Amino acid sequence: MAVTYRLGRDALTSLPQRSRPAVQPGEVRPGIVHLGLGAFHRAHQAVFTEDAVAASGGDWGIVGVAPRSRTVLDQLRAQDGLYSVLTVGGAEDEARTIGILAGLGHAAGDPYGVVAAVADPNIRIVTMTVTEKAYRMDHDGRLLLDDDLRAQLTGTAPPVSVPALLVRGLLRRQAAGGGPLTVLCCDNLMGNGPRIRGLVSQALAVAGADLPGDVAFPATMVDRIVPATSADHRRRAALALGADDAVPVVAEPFTQWVIEDDFPGGRPDWAAAGAVLTDDVTPWEMLKLRSLNAVHSACAYLGALAGRELIADSLDLPGLPALLRRFIAEDIAPTVTPPPGVSVVEYGESVLVRFANRELGHRNIQVAMDGSQKLPHRLLGTVAERRRAGAVPCWAALVLAAWMRFARGYADSGATLPLDDPLADRIRAALDAAPDTPAGTVDALLALSQVFPPELAGDEVLRRELIRWYDELARHGAEATIRGALS
Ligand code: CS2
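Residues numbered from 1 in each chain as written. Predicted model: local features only at pLDDT ≥ 70, side-chain atom pairs only at ≥ 80, totals over all residues. Heavy atoms only, no water.

**So, the side chain of threonine 335**
Argument step 1. For threonine 335, the position within the fold is in the loop between α11 (320–332) and α12 (344–355).
Argument step 2. Polar contacts involving the side chain of threonine 335 include one to the side chain of arginine 290, which spans 3.1 Å. (Helix = DSSP H or I, 4+ residues; strand = E, 2+ residues; numbered from the N terminus. Polar contact = N/O pair within 3.5 Å; in protein donor to acceptor, adjacent residues only side chain to side chain.)

**Focus: the site of the ligand**
Argument step 1. Near the ligand you find Asn188, Val222, Asp223, Arg224, Lys288, Leu292, Asn293, His296, Val367, Lys374 and Arg378, and these make up its full shell.
Argument step 2. For the ligand, an oxygen atom lies 2.7 Å from a polar atom in the side chain of lysine 288.
Argument step 3. Within the side chain of histidine 296, a nitrogen or oxygen atom sits 2.7 Å from an oxygen atom of the ligand.
Argument step 4. For the ligand, whose free accessible area comes to 340 Å², the fraction covered by protein is 88%.
Argument step 5. Looking at the shell around the ligand, the elements with two or more residues in it are β10 (220–223), α9 (282–305) and α14 (371–388).
Argument step 6. In terms of residue count, the dominant contributor to the shell around the ligand is α9 (4 residues). (Near = heavy atom within 4 Å. Areas by Shrake-Rupley, 256 points an atom, 1.4 Å probe, with all protein chains shown as cover.)

**Let's talk about the pairing of strand β5 (residues 94–98)**
Argument step 1. Bridge analysis of strand β4 (residues 83–87) against β5 gives 5 bridges, and the strand direction is antiparallel. Residue pairing across strands places serine 84 opposite threonine 97, the latter belonging to β5.
Argument step 2. The hairpin formed by β4 and β5 contains 6 residues between the paired strands, and glycine 89 there has a positive phi angle of roughly 100 degrees. (Pairing = 2+ DSSP bridges.)

**Overview of the sheet that holds strand β6 (residues 101–106)**
Argument step 1. Ordered in space as β6-β3-β2-β7-β8-β9, the 6 strands form an open sheet in which the pairing is parallel. The open sheet has two free edges, formed respectively by β6 and β9 (215–216), since each of these has just one partner strand.
Argument step 2. Bridge analysis of strand β3 (residues 61–66) against β6 gives 5 bridges, and the strand direction is parallel. Bridge assignment links glycine 64 to a residue of β6, and that residue is leucine 104.
Argument step 3. In the packing of helix α3 (residues 71–78) onto the sheet, contacts are made with β3 and β6, and the angle to β6 comes to roughly 145 degrees. (Contact = heavy atoms within 4.5 Å. Axes fitted to C-alpha atoms, helices over the stretch in contact; angles between N-to-C directions.)

**Considering helix α19 (residues 460–486)**
Structural remark: α-helix, 3.6 residues per turn; residues separated by three or four positions point the same way.
Argument step 1. In this model α19 runs just 24 Å from its N-terminal to its C-terminal C-alpha over 27 residues, more than 12% under the 39 Å that 1.5 Å per residue would give.
Argument step 2. A bend of about 115 degrees at glycine 477 is the largest found in α19.
Argument step 3. For α19, the set of buried residues is Leu462, Glu465, Leu466, Ile467, Trp469, Tyr470, Leu473, Gly477, Ala478, Thr481, Ile482 and Ala485.
Argument step 4. Among the structural elements, α9, α11, α14, α15 (394–407), α17 (438–446) and α18 (454–457) are those in contact with the buried residues of α19.
Argument step 5. At the N-terminal boundary of α19, the capping side chain belongs to aspartate 459, with an oxygen 3.0 Å from the backbone nitrogen of valine 461. (Expected span 1.5 Å × (residues − 1). Bend = angle between axes of the 7 residues up to and from the residue. Buried < 20%, exposed > 50% of the residue type's maximum accessible area, 1.4 Å probe, protein only.)

**Quick word on the packing of helix α4 (residues 111–119) against helix α6 (residues 162–175)**
Argument step 1. Their axes nearest at 8 Å, the elements α4 and α6 cross at an angle of 50 degrees. When the interaxial angle is binned, α4 and α6 end up oblique. Remark: the crossing between α4 and α6 carries right-handed chirality. On α6, the residues touching Pro111, Tyr112, Val114, Val115, Ala116, Val118 and Ala119 of α4 are Leu165, Arg168, Gly169, Leu170, Arg172 and Arg173.
Argument step 2. Broken down by class, the residue content of the contact of α4 with α6 amounts to 9 nonpolar, 1 polar and 3 charged. (Parallel < 35°, antiparallel > 145°, perpendicular 65-115°, else oblique. Left-handed = near helix turned anticlockwise from the far one by under 90°. Nonpolar A, V, L, I, M, F, W, Y, C, P; charged D, E, K, R; others polar.)

**Focus: the packing of aromatic side chains**
Argument step 1. Summed over all chains, the structure comprises 6 aromatic pairs.
Argument step 2. The interplanar angle of 70 degrees and the centroid separation of 5.2 Å between the aromatic rings of tyrosine 301 and phenylalanine 406 together place this pair among those described as edge-to-face. With tyrosine 301 in helix α9 and phenylalanine 406 in helix α15, this pair connects stretches of sequence that are 105 residues apart.
Argument step 3. Taken together, the ring pairs in this structure connect Phe48, Trp257, Phe263 and Trp270 into an aromatic cluster. (Phe/Tyr/Trp six-rings, centres within 6.5 Å; stacked < 30°, edge-to-face > 60°.)

**A look at the pattern of salt bridges**
Argument step 1. Enumeration according to the criterion identifies 32 salt bridges in this entry.
Argument step 2. With a shortest N-O distance of 4.0 Å, arginine 136 and aspartate 146 are connected by a salt bridge. One end of the pair, arginine 136, is in the loop between β7 (125–128) and α5 (147–154); the other, aspartate 146, is in the loop between β7 and α5, with 10 residues separating them in the sequence.
Argument step 3. Three or more residues joined by partner-sharing salt bridges are found here, namely Asp93, Asp232, Arg235, Arg236 and Glu359. (Salt bridge = Lys/Arg side-chain N within 4 Å of Asp/Glu carboxyl O.)

**Points about the pairing of β10**
Argument step 1. Judged by which residues are buried, β10 turns out to be covered on both faces: Thr220 and Val222 on one side and Met221 and Asp223 on the other are all buried.
Argument step 2. Sheet topology note: the β10/strand β13 (residues 256–260) ladder contains 4 bridges and is antiparallel. Residue pairing for β13: valine 222 is matched across the bridge by tryptophan 257.

**Quick look at helix α8 (residues 231–241)**
Argument step 1. Taken together, the buried positions of α8 are occupied by His233, Arg236, Ala237, Ala238, Ala240 and Leu241.
Argument step 2. Lining the buried residues of α8 we find β4, β5, β11 (243–244) and β12 (249–251).
Argument step 3. With its phi angle positive at about 75 degrees, glycine 242 sits one or two positions after the end of α8.

**Concerning unusual backbone geometry**
Argument step 1. A positive phi is found at threonine 131, a non-glycine position, where the angle reads about 70 degrees.
Argument step 2. When you line up the elements, threonine 131 lands in the loop between β7 and α5.
Argument step 3. The backbone of arginine 136 shows a phi angle near 60 degrees, a positive value even though the residue is not glycine.
Argument step 4. You can call arginine 136 partly exposed: its relative accessible area is 24%.

**Regarding the environment of leucine 86**
Argument step 1. The residue leucine 86 is located in strand β4 in this model.
Argument step 2. Classification of leucine 86 as buried rests on a relative accessible area of 0%.
Argument step 3. Sequence separation between leucine 86 and proline 248 is 162 residues, and the spatial gap between their C-alpha atoms is 6.8 Å.
Argument step 4. With residues near it in sequence (within four places) discarded, leucine 86 still touches Asp93, Glu94, Ala95, His233, Arg236, Ala237, Val249, Val250 and Ala251.

**Comments concerning the side chain of arginine 408**
Argument step 1. Tracing the chain through its elements places arginine 408 in the loop between α15 and α16 (424–432).
Argument step 2. With residues near it in sequence (within four places) discarded, arginine 408 still touches Leu431, Ala434, Pro435, Asp436, Thr441 and Tyr470.

Here's what the structure looks like:
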C-alpha cells in the first residue's frame, strides 16, 4: 500500500477504523501533567488514560512534558500531538493512534511553563516516567543535594530537574489555592509512592516548606515492554496505518497497571481500561521488580557479554532459560509474597515467554544501561533478604558479577560494551584504581556506597561468591559459564 499521509488531525479519516483514536483529539481538556514523554509513557499510561476517557469520560487529557530533548516534542507538535502504538508479536501488527495528548511542554526550555501547569487547578494528577536517575536520590531515598539543585529548589535557578519542578510547582499551586493533587511515580522504583513522598518532603525542606496536606503519592506498578523504536518498526507502523508517523512507539501485546487508589483530586476511570485499583500495590511491585526486571537484567548482562544483541537472542544461549528458572525459583521466589492466586514461578514462566518476543528488537544494551540505578531496586533486595536468611543467592550473585564484568567495558569477544550509567565516571575511576583481577574488580565495585548498602558491601560470603563467578566469567566467558553452572 502506498503511504501518502503524514499522521495529523487531517489524516485521521484516512486511517483504517481500528487505528483511529478512541477519543476526539483536542477535545479532552487537560487534567494530567506527565513528566517524561518517552516511549514507555506513550505506550502505557497514555493508552490506559485514553481508554478510560473513552469509556467513562472526564477531563483527563495529558499535558506531556519532555524533560530535555526537543526531538520528540517537535515531531509530536508537527503531528498535532498524535502518534501511534505499534503492537508486535501477536498474530499480526496492530497500530492504533493515540489522541489523549492535550498539550506539550519542555522542562529544559520552559521550566516555568511546567511549574505553571503543575499549579493549574484543572490539573489534578502529575504522573512521571523519568527513569531512576532523574529523581536525584540514592538507594535509600536520600536526596542527592548539590549547589545546583539547591539553587533550583530555592528558586534562584530555573527548576529544570524533576525534584525542582515538583517543589516549585507544588509551592505555586499551594499559593494559588490549586486544590488537591496526586503525584504518581510510574518508574521502576521499589515503594515508588512513599519513596517519592520522602524525596519531595526533603526537597521542600530545602526550600523551607512543608509538604502540603492535600498531595497524595500512591504507589503503582507499571508493566509493558516498550523498547526503542527502530527504522523497521517505523516502516511497519506506516504500513499498518497507511500514514507516516515520525514518532511511533512499539510494544508487546501484554500490558498491566496496578495502582494504589489514593487520588484526592479524582482520577480517570482507569479500571474501565483494565487497570487494577487496589489498597496495596506492594505484592505486585515486588513480584514485577524482583522477577521480571531482575531476569531482564540477567539476560542483558549475560547476553551482552556473550555477544548477543537482543534479549530474545540471549534466551537462545544454551542453558540460559534453565538457569533463569533456577534464579527465579531458588533466589527470587523465597523473597516475594505474590498477590493472592499468583505463583512466582508461573509468573516467571510468563516473563520468559514475553522476553522471547523477537519482533520487539529489544537490545541487551538498552536494558543494561543505568545498572547502578536499576540493580538496587530489582536485585539487591533479593540478595540482602537471602543473605539475612542465611542463604547464598548464587544465581543473583552471577547476575551481579555479570554486571561487574560488563562494567569493565568488554564483551567476551573483546568487543567494547558501552557503560551508559550516571555513575559511569565513578565506576571507571574505581575500576582504573583497582587491579584487573576478580577480587580487585569485585572489591572496587562493592565499595560504591551509592549502589551497595553497608550490609552487602561488608558481606564476606557474598564477596567470595561474586569473585567466584567473576573469575568464571573472565576465564571461560558467559556462554561457557552458563553451561557449566548447570552441570
Ligand atoms: C527493563 C524495563 O530497561 C529495563 O530495565 O527491564 O524497562 C522493562 O522492560 C519494563 O519495566 C517492563 O515493564
